[in-house]
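Coordinate inspection notes
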Amino acid sequence: NLYNVTVLNEIISVYPRRSLKGMIVGRNSMFSEKLLTVSGVPLSLDDIQFTILAENYDNDPLIIYGLYQGIIGGPDIRPLAYNGDDVYRALEDNAFRFINSNRGTFTRGEGAFRVSSFYDRSRPYFPDFSTDLSAHLLSYLEGREREELQVAAEIAPDIDDWTVTDLGGTIPEIGGSLANNAAALLDSFKSDYKNVYGGQLT
């Protein structure tokens, strides 16, 4: 929750900028900047994602779906804060929504299975990138894309949409990445969610 509020605060500071690419990648990424001080310790958003959360939750890839990126090309931001009672269910829901949308995965039957560049920026959660990411996606992916991934020669993390999500609806042609916003750009779900939960994040 602290991570997500911080991202929202950074987006507000540059509003109404429409593309956040310059804030997300490169030397001036907001994720690598020490934006927070917790108990006297300066922290970046990368510190939270790749050190604190990764070390405390066994590098579980589900973690990444709870970390809002501010852009359409990333996982949804949920309308309610995460809490210990439902965090695992909420993360799995976000994972399913993102993976089974054109923002997360896409194929044209060309040999390479295309995924969001969000996965490229989350590589530490997939040490053997193609093998680990493929296994992870197959846990949630449904429909024709699942079949395409199983026969794909490679995974290409090249789906990008750096457009800021608009939570207030003031830029309606963009849509958003809010979990209950049916107008989210390219957020077309390919099937109904099958609840399969295992383990628990608290």
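This is a predicted model, so every value here is computed, not measured. (Residues numbered from 1 in each chain as written. Predicted model: local features only at pLDDT ≥ 70, side-chain atom pairs only at ≥ 80, totals over all residues. Heavy atoms only, no water.)

So, the nonpolar core
Val7, Tyr65, Ile99, Tyr119, Leu133 and Leu137 are the most contacted members of the largest nonpolar core, which totals 45 residues. Counting only elements with at least two residues in this core, the list comes to helix H1 (2-14), helix H2 (21-24), helix H3 (45-56), helix H4 (87-99), strand S4 (112-116), helix H5 (117-120) and helix H6 (129-138). When sequence neighbours within four positions are dropped, the list of residues in contact with Leu137 reads Ile99, Thr105, Phe113, Val115, Tyr119 and Leu149. (Core = buried A, V, L, I, M, F, W, Y, C linked by side-chain atoms within 4.5 Å. Buried < 20%, exposed > 50% of the residue type's maximum accessible area, 1.4 Å probe, protein only. Helix = DSSP H or I, 4+ residues; strand = E, 2+ residues; numbered from the N terminus. Contact = heavy atoms within 4.5 Å.)

Here we look at the packing of H1 against H3
Contact geometry for H1 and H3: axes closest at 10 Å, N-to-C directions at 155 degrees. Between H1 and H3, the interaxial angle falls into the category roughly antiparallel. Where H1 crosses over H3, the handedness of that crossing is left-handed. In contact with Tyr3, Thr6 and Val7 of H1, H3 contributes Leu45, Ile48 and Gln49. When grouped by side-chain class, the residues that make up the contact of H1 with H3 number four nonpolar, two polar and no charged. (Axes fitted to C-alpha atoms, helices over the stretch in contact; angles between N-to-C directions. Parallel < 35°, antiparallel > 145°, perpendicular 65-115°, else oblique. Left-handed = near helix turned anticlockwise from the far one by under 90°. Nonpolar A, V, L, I, M, F, W, Y, C, P; charged D, E, K, R; others polar.)

Overview of unusual backbone geometry
Omega for the peptide link from Tyr15 to Pro16 comes to 10 degrees, which places this bond in the cis form. In this model, Ser39 sits at a positive phi of 50 degrees, which is unusual for a non-glycine residue. Residue placement: Ser39 occurs in the loop between strand S1 (36-38) and strand S2 (41-43). For Asp58, which is not glycine, the phi dihedral falls at a positive 55 degrees. Along the chain, Asp58 falls in the loop between H3 and H4.

So, the packing of H6 against helix H7 (residues 144-151)
Across the interface, H6 lies against H7 with an axial gap of 10 Å and an inter-helix angle of 155 degrees. Classed by the angle they form, the pair H6 and H7 counts as roughly antiparallel. Where H6 crosses over H7, the handedness of that crossing is left-handed. Between H6 and H7, the contacting residues are Ser134, Leu137 and Leu138 on the first element and Arg146, Leu149 and Gln150 on the second.

A word on H3
Helix length check: H3, at twelve residues, gives a terminal C-alpha distance of 15 Å against a target of 16 Å (1.5 Å per residue), a fit within 8%. Buried within H3 we find Leu45, Asp47, Ile48, Gln49 and Ala54. The backbone nitrogen of Asp46 has a side-chain oxygen 3.4 Å away, supplied by the residue at the start of H3, namely Ser44. Phi for Asp58, located one or two positions after H3, is positive at around 55 degrees. (Expected span 1.5 Å × (residues − 1). Polar contact = N/O pair within 3.5 Å; in protein donor to acceptor, adjacent residues only side chain to side chain.)

Quick notes on the packing of aromatic side chains
In total, this model carries nine aromatic pairs according to the counting rule given. For the pair Phe126 and Phe129, a centre-to-centre distance of 6.5 Å together with 85 degrees between the ring planes defines the contact as edge-to-face. Here the aromatic residues Tyr65, Phe98, Phe118, Tyr119, Phe126 and Phe129 are joined through ring pairs into a cluster of three or more. The ring of Phe129 is capped by Arg123, whose NZ or CZ atom sits 3.8 Å from the centre of that ring. (Phe/Tyr/Trp six-rings, centres within 6.5 Å; stacked < 30°, edge-to-face > 60°. Lys NZ or Arg CZ within 6 Å of the ring centre and 35° of its normal.)

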